[in-house]
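Close look at the chain arrangement
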Amino acid sequence: MATMNVSVPDRMRDWVQSQVDSGNYASASDYVRDLIRRDQLVQFIYADAVAKVEAAIAESMEDIAAGRVTPAEEVFDRLEAKYSAMIKERKQGRAPKTNKP
């Protein structure tokens, strides 16, 4: 295993030592290794999320180019009708109907 020397302000050193003293970590090195593992996981999750968003944007752009779109006004009209019906049913004391995909 490689060795690294890291300089930190006193407050950070005290924080690390408090984590060791609490029994959460066996040593300062154990704490730093855990921080690095967590950061690696966050970076992986972030990169995966960005890739999914970029793929969704690309797919949407392809749909637009191919004319596979619904005008916003039509979507808003359908939503307004749906939620108006739900409000009306609630006022009449009935459970609203749900359209499950």
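The rules behind these values
- Within each chain, residue numbers correspond to sequence positions counted from 1 in written order.
- Side-chain atom pairs in this predicted model are given and counted only at pLDDT of 80 or more, local residue features only at pLDDT of at least 70, and totals for whole chains, interfaces and linings cover all residues.
- Each side-chain value is worked out from all heavy atoms of the structure, with water and hydrogens disregarded.
- Take a side-chain nitrogen of Lys or Arg and a carboxyl oxygen of Asp or Glu: if they are within 4 Å of each other, that pair is a salt bridge.
- Scored from 0 to 100, pLDDT records how confident the predictor is in each individual residue.
- Secondary structure counts use DSSP, requiring at least four H or I residues in a row for a helix and at least two E residues in a row for a strand, with both numbered from the N terminus.
- By definition here, a helix of n residues has an expected span of 1.5 Å times n minus one.
- Categorising residues by exposure relies on relative accessible area from a 1.4 Å probe, with only protein chains included: less than 20% of the type maximum marks a residue as buried, more than 50% marks it as exposed, and the intermediate range marks it as partly exposed.
- What the arc covers is the set of directions going from the helix axis to the C-beta atoms.

1. Let's talk about the pattern of salt bridges
Enumeration over the complete set of coordinates arrives at six salt bridges. The residue R13 makes a salt bridge to D14 at a minimum N-O spacing of 3.0 Å. The structure contains a network of salt bridges with shared partners spanning D10, R13 and D14.

2. Some points on the confidence of the model for the chain
Scored by pLDDT, the chain comes out at a mean of 93, with 93% of its residues at no less than 70. Taken element by element, the chain is modelled with least confidence in helix α3 (residues 72–91), mean pLDDT 94, and with most confidence in helix α1 (residues 10–21), mean pLDDT 98.

3. Observations concerning α1
The terminal C-alpha atoms of α1, which comprises twelve residues, lie 16 Å apart, in line with the 16 Å expected from a rise of 1.5 Å per residue. Those residues of α1 that sit buried are V16, Q19 and V20. What you see down the axis of α1 is that its buried residues fit within an arc of 100°, all on one side. For α1, the exposed residues set more than 90 degrees away from the buried face come down to R11 and D21. Just past α1, the residue G23 takes up positive phi, approximately 90°.

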